[in-house]
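# Observations on chain architecture
Here is how the chains run, residue by residue.
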Amino acid sequence: MFLTKLPAPIDIHVHLRDPGDTHKEDFYTGTSAALNGGISAVFDMPNNKTPIFTEESLREKENIAKVKAVCDYGFYFGSTGKNIEEFPKVSERVVGLKLYLDQTTGDYLIRDLASIRDVFIKWPKEKVIVIHAEAENVSLVIKLAKESGNKIHITHVTTKADLERIIEAKKMSLPVTCDVTPHHLFLTDKDAVELKGKGQVKPSLANLTDKTFLWDSLSWVDCFSSDHAPHTEEEKNSPSPPYGIPGLDTMIPLLLTAVKDGSLEMDDLIQKISTNPHKIFNIPVDKDTYTEVDLDENYELKKENLKTKCCWSPYEGWQLHGKVKSVYIRGKKVMEDGRILVEKGFGRNMML
Amino acid sequence: MKNNFYNKSLISIKSVSKEDSLYIFEMADKLKNEVIKKGKTNDLEGKILAALCYEPSSRTFSSFITAIQRLGGGFIPLNGMEHTSVAKGETISDTAKVFSSYADIIVLRHPVVGSVSEFAKSATVPVINAGDGSREHPTQAFLDSYTIGKHFKSFENITVGLVGDLLYGRTVHSLSLLLSKLGVKKFIFISPDLLKMPPEIVSGLKMLNCEITESESLDSSIGNMDIIYMTRVQKERFSDILVYEKYKLAYILNKSLMQKAKSSSIVLHPLPRVGEILEEIDSDPRALYFREEMRNGLYVRMAIIKSILMQ
C-alpha cells in the first residue's frame, strides 16, 4: 500500500457550535471530525449563540478551545457594524473577519451600505474579510473592496451567476478570492427534495446547471471549504429544520473520489485545501503537518465512521474512493484509521 | 485498445491515428496516477534510453531523462552532440548504429529537417523525434493535445488559436495536424504575414474539413479562442528590425488582452518564452504553461516511451 501525502489541509469555514450549542458539536468532537476527515486545521465562524462580536466573547471561546481541541484552529471575528471599536483589540488574535450579507442561521446580518463601508475602512487591509454574499451583494462587496483596497473572500459560492461575477473581478486583478463547498459540488436541488430537512442549507443547493458550472470553472476557485454546520438529526427532521450540513468528516474523501474519477486533479486539490488557504490567510505551511491518504481504497460511507457529534451525513451509503489513513500535526501522529491519538487540548490556536 | 507504437520509431505525427493518440492519453493518465502515488514505476527496469541533442534543448531533454528514470530505466544523456565524434566527422548513420548498440531507444533532436528520419533508417532500435529542424515535434503535439483534452469535454467544439511564428514554429505544425485528427474543426492562425502557417498545412487542414481563419490581429480574435497557443516570434527571422519590433509588440499577451479572452479559455506555450507572455499572466487560472503543460509533458513522454518498449 502506497500512501499519498497532502500537506497541511485547512478547512477555512466551519461552525463548531462551542460555546452555546454543544449538543450539536463541541471543540473536541468537531476537531475530531476534522482529523477523521484528514483536516489538520479549522477556522471557526463567529456566529455562536452569543456571537463573537467582542473581545470578551472571543477570549471566552479561546479558553474553551484551548482545553478541548485536538487539531489546530483559528477564529473569525464577526461584525454587524456596531462593534468597530473592538477591531484593534482582536484583529491580531483572529484569522479574519466574517460578514453576513445574506441569510444564515441566527441574526448576524449586515445590510446597510454605510456600515459595510465603515467596517471595510476600519478592518486592517492585510487581513482578509470573509463574506457570505449572494447575487447583487457579490457585486456590491467587490465594488466596495475595489474602493477600499481590502482583501475579500467570498465563501460558499453556489451559482453560475455569482461565480461569473467573481471571475470578472479576478480578470481585473481585484483582491477577491472564493471557495466552494462539497455539498454544492456533489448535491443539487433534486437531492434537497430527497434529503428533506437534511438538505436545507444556506446558500440553498442549486440546480444542475450551477453545479456543472462550478466544476467546469474550478480553475477560478481558490479553496474548498466544508461549511461544516452540524445540527442534530432531530432538529433536521423537525417541521422547521435549521440550515446546515456537516462536512468535516467527508470533504477530503469526496474530493479524493473526484480525483479518482478524473474530475479533479490531485495538484488542484492540494492547491485548494492547502496552498491557497495558507496564502490567503498569510500562514506559513508547516512541513511536519500533513495527511496520508490511500487513493486506492474503496469503501461505503457509514454513519458509525463519522466523528461529528450530530452523527449524520447526506452522503451516507455513498461509495467513496480514497481513504484518509493518518494525520500528522507538527511532527506528531494525531490520527490513525479513525482513532484520535492525542489528548484534548493538543490543538493550537494558530494566531496566538 | 491496441498499442500501435510497440517497437516502432515516432518520427512524424502524420502516421498517428486518433485511436493511437487516445491510447497514449490513457496510458499517460495511468502513469500519472502511479507518479502521484509512488513517484515512479519499475516498468522499464533494465532499459536504456539515449537522449542525443544536436541543438540546445533543456526542457525536452530533461523531460525525457526524467521520464525514463520514473519508468525505472537508465539513460545516456548527450546534450551538445555537435561537440562529440560528430565534430570529428562521424556520419549520422554511423552515430545511429553506435548508439543502437548501447541503448534500447534513442531520442533525437537535430537542427536539420529530415535528419531524424535519416538517423532512424540506420538505427536498429526505435527512435523518437524530439524536434527536427522546423518541421515537426510530435511529442510536444501529444502533450499539448493531452492538456487540451483534460480541459474540454470534446475536441469537436473548440476553437484553437495558434499565435506567433507559424512558419518556423515546429510545435504548431505537429499540433494542428494532431488536433484535426482528434476532431478539432476550427482554427484561428494569428501571425505576421511574413510568418504565416505554411500553405501545405493550411490546405491539408482544409481537406479535413477544418475551418481556418488567418489574421494578423490577436486583439480582434482572442475573444473567439478556446485555446490560446502562444509561440515565440524570433528576431532572426526578420531582415528589417523595425518590422520585428512592430510584430513583437502585437503578439505580447497581457492583462488587457486576457480580459477579452473567454473565462473558459486556456493559455499554452511550448516554452521558453522570451517576453511574449507577460509574467502578470502567470497567476491567471487560464495560464497553464507552468501549471500543467510542463508536468503533462512528463506523463505523456513516459507513455510514449513505455508504449514503444512494452507491448
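Everything quoted here is computed from the prediction, not taken from an experiment.

Quick look at the overall build of chain A now. The number of helices and strands found in chain A is 12 helices and 13 strands. Dimensions of chain A, computed from the C-alpha atoms along their principal axes, are close to 55 × 45 × 45 Å. For chain A, with 352 residues in total, the buried portion stands at 62%. Taking contacts inside chain A between residues at least 6 apart in sequence as the whole, the part at least 24 apart equals 75%. With the model as given, the accessible surface of chain A reaches about 13400 Å², and the carbon-plus-sulfur share is 50%. Between the centroid of the 46 positive side chains of chain A and the centroid of its 53 negative side chains there is a distance of 2 Å.

Our focus in this paragraph is the interface of chain A and chain B. Taken together, the contacts link 15 residues of chain A with 15 residues of chain B. With both chains or domains summed, chain A and chain B bury close to 1400 Å², and 51% of this area falls on carbon and sulfur atoms. The largest share of the area that chain A buries against chain B comes from F2, K171 and W220 of chain A, three residues that together contribute 38% of it. Our enumeration of links across chain A and chain B arrives at 3 salt bridges. A salt bridge links E265 of chain A to K32 of chain B; its shortest N-O distance comes to 2.1 Å.

Residue and element names in this part refer to chain A. Residue P203 follows K202 across a cis peptide bond; omega there is -10°. Tracing the chain through its elements places P203 in the loop between α8 (189–195) and α9 (208–216). The phi angle at A135 is positive, at roughly 50°, despite the residue not being glycine. Assignment of secondary structure puts A135 in the loop between β6 (129–132) and α5 (136–148). Note on A135: relative accessible area 30%, which makes it partly exposed. Look at K196: it is not a glycine, yet its phi comes out positive at around 50°. Within the element layout of this structure, K196 appears in the loop between α8 and α9.

The next subject is the side chain of T95 of chain B. All names here are of chain B. By the secondary structure assignment, T95 is in helix α3 (residues 92–102). Residue class for T95 comes out buried when judged on its relative accessible area of 1%. Among all residues touching T95, those that are not within four sequence positions of it are Y54, M81, V86, E90 and F119.

Further remarks concern the pattern of salt bridges. Tallying each qualifying case throughout the model produces 39 salt bridges over all chains. In this structure, E34 of chain B and K38 of chain B form a salt bridge, with 3.0 Å as the shortest nitrogen-oxygen distance. Here the residue E34 of chain B and the residue K38 of chain B both occupy positions in helix α1 (residues 18–38), the gap between them amounting to 4 residues, near one helical turn. Among the salt bridges present, the one from K262 of chain B reaches D226 of chain B, with a minimum N-O distance of 3.0 Å. With K262 of chain B in the loop between α9 (255–260) and β9 (266–268) and D226 of chain B in the loop between β7 (211–215) and β8 (227–230), this pair connects stretches of sequence that are 36 residues apart. Of the residues examined, D226 of chain B reaches a relative accessible area of 7% and is grouped as buried. Here the residues in one salt-bridge network are E297, K323, K325 and D337 of chain A, joined through shared partners.

All names here are of chain A. Here helix α6 (residues 160–171) crosses α9 at 30°, and the two axes come no closer than 8 Å. Seen from α6, the contacting residues are K160, L163, E164 and I167; seen from α9, they are T209, D210, F213 and L214. Counted by class, the contact of α6 with α9 contains 4 nonpolar, 1 polar and 3 charged residues.

Residue and element names in this part refer to chain A. Relative to strand β12 (residues 332–336), strand β11 (residues 319–329) runs antiparallel, the two sharing 4 bridges. Looking across to β12, one finds that I329 is bridged to K332. As judged from the 2 bridges shared by β12 and strand β13 (residues 339–340), these two strands associate in the antiparallel manner. From the neighbouring strand, E336 faces β13, where its bridge partner is R339. Where β12 hands over to β13, the hairpin turn is made up of 2 residues, of which D337 adopts a positive phi near 45°.

With the rule as written, the count across this model stands at 19 aromatic pairs over all chains. Pairing Y290 of chain A with Y328 of chain A gives two aromatic rings, centres 4.8 Å apart and planes at 20°, and the pair type is stacked. With a gap of 38 residues between them, Y290 of chain A in strand β10 (residues 290–300) and Y328 of chain A in strand β11 connect regions that are remote in the sequence. Y290 of chain A sits in the buried class, given a relative accessible area of 16%. Looking at Y328 of chain A, the relative accessible area reads 16%, which means it is buried. An angle of 90° between the planes, with centres 5.9 Å apart, marks the rings of F99 of chain B and Y102 of chain B as edge-to-face. With F99 of chain B and Y102 of chain B both in helix α3 and 3 residues apart, the pair spans about one turn of that helix. F99 of chain B sits in the buried class, given a relative accessible area of 10%. In this structure an aromatic cluster arises from ring pairing among F186, W215, Y315 and W318 of chain A. Against the face of F213 of chain A rests K160 of chain A, its NZ or CZ located 5.3 Å from the ring centre. A cation over an aromatic ring shows up here: K323 of chain A above the ring of Y299 of chain A, its NZ or CZ 4.5 Å from the ring centre.

A few words on the nonpolar core. F120, I152 and F224 of chain A are the most contacted members of the largest nonpolar core, which has 91 residues in total. With 7 residues, the single largest contributor to this core is helix α11 (residues 251–260) of chain A. Among residues more than four places away in sequence, those in contact with F120 of chain A are L99, K125, I129, I131, V141, L144, A145, S148, N150 and I152 of chain A. With 64 residues, the next largest nonpolar core counts F5, V16, A51 and F64 of chain B among its residues.

Reading the values: rules and limits
Residues numbered from 1 in each chain as written. Chains lettered and ligands numbered in written order. Predicted model: local features only at pLDDT ≥ 70, side-chain atom pairs only at ≥ 80, totals over all residues. Heavy atoms only, no water. Helix = DSSP H or I, 4+ residues; strand = E, 2+ residues; numbered from the N terminus. Buried < 20%, exposed > 50% of the residue type's maximum accessible area, 1.4 Å probe, protein only. Contact = heavy atoms within 4.5 Å. Areas by Shrake-Rupley, 256 points an atom, 1.4 Å probe, with all protein chains shown as cover. Lys, Arg positive; Asp, Glu negative; His and termini not counted. Charge placed at Lys NZ, Arg CZ, Asp CG, Glu CD. Buried area = accessible area lost by both parts, 1.4 Å probe. Salt bridge = Lys/Arg side-chain N within 4 Å of Asp/Glu carboxyl O. Axes fitted to C-alpha atoms, helices over the stretch in contact; angles between N-to-C directions. Nonpolar A, V, L, I, M, F, W, Y, C, P; charged D, E, K, R; others polar. Pairing = 2+ DSSP bridges. Phe/Tyr/Trp six-rings, centres within 6.5 Å; stacked < 30°, edge-to-face > 60°. Lys NZ or Arg CZ within 6 Å of the ring centre and 35° of its normal. Core = buried A, V, L, I, M, F, W, Y, C linked by side-chain atoms within 4.5 Å.

All quantities given are derived from atomic positions and should not be read as evidence of function.
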